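Below, each chain spelled out in residue letters.
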Amino acid sequence: MVGKNIFSSAVLVSLVLIAAAPFDISAADAPSKSVILSTTTSTQDSGLLDVLVPLFEKKSGYSVKTISVGTGQALELAARGEADVALVHAPVLEKKYVADGKLVNRRLVMYNDFIVVGPPADPAKVKSTKSSAEALKRIAAGGAGFVSRGDNSGTHNLEKSLWKTAAIEPKGAWYIESGQGMGATLGIADERGGYTITDRATYLAFQKRLALVILLEGDKPLLNIYSVMEVNPANGQRINTVGGKAFADFMVGPDAQGAIEKFGAEKYGRALFTPAAGKREEEIGG
Amino acid sequence: MAETILELKNIVVRHGETIALRVPSLGVAQGEVLAVIGPNGAGKSTLLRVMGLLERPAEGEVYFRGRAVADADTLALRRRMASVFQEPLLLAATVYDNATLGLRLRGFDRRAIERRVAPWLERLGITHLVKRPARSLSGGEAQRTSLARALALDPELLLLDEPFSALDPPTRDGLILDLEKILRDTGITTVFVTHDRDEAGMLGERIAVLIGGGLLQVGAAAEVFAQPVDESVAGFVGVETRLPGVVESVGEGLAQIALDGRAIEVVGDFQIGERVIVCLRPEDVTLGSPHGDGVKSSARNRLAARVAKINPWGFHYRVALDCGGARLVALVTRPSFVDLGLREGEEVMASFKATAVHVIRRK
Amino acid sequence: MELLWEGIKHALAALLAGDREVIDITLLSLRISGAATLISLLLGVPLGIAIAQSRFPGRNLVASLVNTGMGLPPVVVGLFVSILLWRNGPLGFLELLYTPAAMISAQVIIAFPIVAGLTMSAFQTLDPKLGLQLLGIGASKPQLLWLLCKEAKLPLLAAVMAGFGGVISEVGASMMVGGNIRGQTRVLTTATVLETGKGNFEIAIALGLILLALTFAVNLLLTYIQQREQIRWPRPS
């Protein structure tokens, strides 16, 4: 009785309030001036984008909305036209999307590598191996625990391809899937004294807190290659193809590549990524 | 001729599918106290809400001082009336804050409020409670606060919905007396709802009987109690003996009515063959020994009956009698009861005056 | 434990040094959740009162919906809202995804049933005839609403605190519809997740502590208002 009229006027007022969203940072950017970049959590976590994105924004006048999610989601969002450009590191998956025509103009941007880490005691004797396939065989045979990402991320996909190469199907009590990010996965491996495959950047970031040590690095299959891809305008509405292209061009351009080359050198003693624009996949790590 | 403060015309109120209230016409004159009585669920509260402009009827018009009430006027007119309900319904605040609420809502300033409310606090005997939180009051004190709240507004119409029902008897009696005096002294036009006949009789000048949503009878208290207009009103106002009969003969302002084999005499103008209901209040039925013990009375009607049930009734006894299939109810004082030595199953003589009989014509 | 200390030191340092980013994130959290709570109040309180005090057709259905809504998982709300706001979604034309407005909307959906539900029970503790009596003493409808709110001040403020608490601390919906974009939609909760994921535990703890302090301060204020003037008198038997 009493409440209803007041209720309807309140609804009206609220809609106005939401629409007005009285801060300057609402949907203030005109749509064509904003670029949605879908990328992965590990790319974001490395901190590289905190350097590159402002650089791009200043140079181009675009405003970038970086959405960092799991690899699968990043690619799906781009395929649905919910992003304008994608930056991921899962070549096998990427090639599928390109083959389907959902993502176009795939260009290499940079790479870093994965490493096999494990307990200092190294019960599976991974340290003495030279290839990742060999290392995995020993881990599986030795019954020492292995912690997988289990989340269809770039890291997980790489791990899966390594098992495939080693012709082993990882199953059993020794093989755990964390379903979480790299940091958490490292933590679990550390707790249980097990092995895992991680990107170098994350390992370096968490190193102080872990007992895990690097047991294998440099093997070619362990390379982690980052590519940028633009979104097919046919994927959906309101795609900012021009903006997406501008960002992709920027990523392979000299400014970005130069920044990538230097990134992390001060903090970690060596750069976290190696620029790879213009190279072909087969050439890398060679 | 006193002005009619409030008038209801052709009012129909529906609650869902049922008609909760139907009042073709009812007026409240300036200065009168109108008591509305009826059983629970009769629609009394609905009537009061319609009068107080708190509920809009499905049909009909409400007139305030002769002018039809339009939607735009409701708030202004509501503020010229005041309602008090069965529960005090006070806010969680002090007695003073509660009593002055109505005045504050109308925007009076602090001093005007003080001036208006103080005399009422005095009159209702709660001045010493002003700083107390409402929660700590007894039932009677709380209801007095509610009354003060309403009276401080100097309303043109005071609406009371069973204000004493929730109180214990001594508190109730005290408050009724106080209110009776207040209404007499101030002459505030009041409509007062109750299911208690005695309260109605005590406070009301006119009585309206509401049964099943219908306004069945309106009149002076004496008239309504002694001469109910039909059976349901009769039942409600305490006319417990209601016997169907047929007029047998008439003459000299009297009539003989045949009741299932017996004949009784009543006063009034009737036609032979009219079907009627003979009504008697229990107080008007006297009981005596069945064999005529020499006590002469002016009661011309004597019926032999057997005592069916005896119930203590306050300081009386209520005696239900079986009179050859018909039921009679008598109210006997204690001393008489003792004297007569009544017991269930005994034969007695029930007598009553012709003038005590109220006859309802059967429709 | 030492991590906790580091966190506290970091938090104080950031705030005292006026770390722009931390302050912006904090203010944004407050503004978004504050706005969402305010809107939830505007919508939820009248609805709660209407359900508690009047009888209208479908009342029980609405009441059940409100009660169900109180338990909505925020992350599910976030998912549904983002699907609606996607460019190719039904509300894509609003271009609200990844903006504070979207976060406010999602938070309103989370907080509004909480406020409505608690208001509803708050007002059900009031005598249903109280509204009628107040009208009968000459209250206008706005005055009536104000008086009833004052009467139900205790549980009503609890509703506000529950609503605010529910949204200032939620991360799932904020992450999905906001995108945790630096300088635009990054709030305390999403920033905490980010920093934890990066391994910057001191920063994460610092942000968490700031969030706790913020929530505590707001609740302190509301509790003060709620508990003011509560005199306890012995009731007569």
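All of these numbers come straight from a predicted model, not from anything done at the bench.

Turning our attention to the overall build of chain A. If you tally the helices and strands in chain A, you get 12 helices and 10 strands. Of all 286 residues assigned to chain A, the portion counted as buried reaches 52%. Considering only contacts within chain A whose residues lie at least 6 apart along the sequence, 75% involve residues at least 24 apart. As displayed, chain A has an accessible area near 12,400 Å², and 56% of this comes from carbon and sulfur atoms.

Once that is clear, we can look at the overall build of chain B. Scanning chain B from N- to C-terminus turns up 11 helices and 20 strands. In terms of overall dimensions, chain B has a C-alpha envelope of 75 × 45 × 40 Å along the principal axes. Within chain B, buried positions represent 50% of all 363 residues. Summing over all exposed atoms, chain B offers an accessible surface of approximately 16,800 Å²; the carbon and sulfur share of this is 50%. A gap of 4 Å separates the mean positions of the 45 positive and 46 negative side-chain charges of chain B.

Residue and element names in this part refer to chain B. The 5 strands are arranged β13-β12-β11-β14-β20 in an open sheet whose pairing can be described as antiparallel. A single partner strand is all that each edge strand has here, and the edge strands are β13 (262–267) and β20 (358–361). Here the strands of the sheet are splayed against their neighbours by 45° on average, with no regard to which way each runs. Pairing analysis gives 6 bridges linking strand β11 (residues 241–251) to strand β14 (residues 275–280), with the strands arranged antiparallel. When the bridges of β14 are listed, Arg242 appears paired with Cys279.

Next up on the list: the pattern of salt bridges. Residues and elements named next belong to chain A. Overall, the coordinates contain 36 salt bridges over all chains when judged by the stated rule. The partner of Lys59 in a salt bridge is Asp255, with the nearest N and O atoms 2.9 Å apart. Taken together, the residues Lys59 in helix α3 (residues 49–60) and Asp255 in helix α11 (residues 254–262) connect sequence positions 196 residues apart. Its relative accessible area of 60% is what places Lys59 among the exposed residues. Salt-bridge contacts for Glu230 lead to Arg107; the nearest nitrogen and oxygen are separated by 2.9 Å. Within this pair, whereas Glu230 is found in strand β9 (residues 223–231), its partner Arg107 is found in strand β4 (residues 103–118), the two being separated by 123 residues in sequence.

With that settled, consider the packing of aromatic side chains. Under the defined criterion, the tally for this structure stands at 13 aromatic pairs over all chains. With a centroid separation of 5.9 Å and an interplanar angle of 5°, the aromatic rings of A:Phe146 and A:Tyr175 are classed as stacked. You can see A:Phe146 sitting in strand β5 (residues 146–148) and its partner A:Tyr175 sitting in strand β6 (residues 175–177), a full 29 residues away along the chain. Classification of A:Phe146 as buried rests on a relative accessible area of 1%. By relative accessible area, which is 13% here, A:Tyr175 ends up buried. Here the guanidinium or amino end of A:Lys33 rests over the ring plane of A:Tyr62, the centre of that ring lying 5.0 Å away. Residue placement shows B:Arg318 over the ring face of B:Trp313; its charged tip is 5.5 Å from the ring centre.

Okay, the pairing of strand β3 (residues 33–37) of chain B next. Residue and element names in this part refer to chain B. Burial analysis of β3 places 5 of its 5 residues in the buried class, the great majority of the element. Burial along β3 is two-sided: Val33, Ala35 and Ile37 facing one way and Leu34 and Val36 facing the other are all buried. In this structure, β3 lies alongside strand β8 (residues 190–194), joined through 5 bridges in parallel fashion. Counted as the bridge partner of Val33 is Thr190 from β8.

Interfaces are often described in size by the accessible area the parts lose on coming together. Listed as interface residues are 19 residues of chain C and, on the opposing side, 30 residues of chain B. Approximately 2,100 Å² of surface area, both sides summed, lies buried where chain C meets chain B, with 64% of it carried by carbon and sulfur atoms. Taken together, the links from chain C to chain B amount to 0 salt bridges. Elements that contribute at least two residues to the side of chain C that touches chain B include exactly α6 (130–136) and α7 (141–151) of chain C. In terms of residue count, α6(C) provides more of the side of chain C that touches chain B than any other element does, 6 residues in total. Across the side of chain C that touches chain B, the residue classes tally to 10 nonpolar, 5 polar and 4 charged.

Another point: the environment of C:Leu157. All names here are of chain C. Along the chain, the position of Leu157 falls in helix α8 (residues 153–168). Taking the C-alpha atoms as reference points, Leu157 and Leu188, separated by 31 residues in sequence, lie 24 Å from one another. The contacts of Leu157, once residues within four sequence positions are left out, are Leu222, Ile225 and Gln226.

The next thing to look at is the confidence of the model for chain B. Residues and elements named next belong to chain B. Mean pLDDT over chain B: 88, with 97% of residues reaching 70 or higher. When pLDDT is averaged over each helix and strand of chain B, the minimum, 82, is found for strand β12 (residues 254–259) and the maximum, 95, for strand β7 (residues 157–161). The complex prediction reports pTM at 0.72, with the ipTM value standing at 0.81.

Bringing the arrangement of the chains into the picture now. No other pair of the 2 pairs of chains in contact has as many contacts as chains A and C. Looking at chain A next to chain B, you find no contact at all, with the nearest C-alpha pair sitting 11 Å apart.

This paragraph deals with a positive patch on the surface. Side chains of B:Arg110, B:Arg111, B:Arg115 and B:Arg116 sit close together on the surface and give a patch of like positive charge. The topology assignment puts B:Arg116 in helix α5 (residues 110–123).

Scoring rules and cut-offs
Residues numbered from 1 in each chain as written. Chains lettered and ligands numbered in written order. Predicted model: local features only at pLDDT ≥ 70, side-chain atom pairs only at ≥ 80, totals over all residues. Heavy atoms only, no water. Helix = DSSP H or I, 4+ residues; strand = E, 2+ residues; numbered from the N terminus. Buried < 20%, exposed > 50% of the residue type's maximum accessible area, 1.4 Å probe, protein only. Contact = heavy atoms within 4.5 Å. Areas by Shrake-Rupley, 256 points an atom, 1.4 Å probe, with all protein chains shown as cover. Lys, Arg positive; Asp, Glu negative; His and termini not counted. Charge placed at Lys NZ, Arg CZ, Asp CG, Glu CD. Pairing = 2+ DSSP bridges. Axes fitted to C-alpha atoms, helices over the stretch in contact; angles between N-to-C directions. Salt bridge = Lys/Arg side-chain N within 4 Å of Asp/Glu carboxyl O. Phe/Tyr/Trp six-rings, centres within 6.5 Å; stacked < 30°, edge-to-face > 60°. Lys NZ or Arg CZ within 6 Å of the ring centre and 35° of its normal. Buried area = accessible area lost by both parts, 1.4 Å probe. Nonpolar A, V, L, I, M, F, W, Y, C, P; charged D, E, K, R; others polar. pLDDT = per-residue confidence, 0-100. Patch = residues over 30% accessible without salt bridge, like charges linked within 9 Å, V, L, I, M, F, W, Y side chains within 5 Å.

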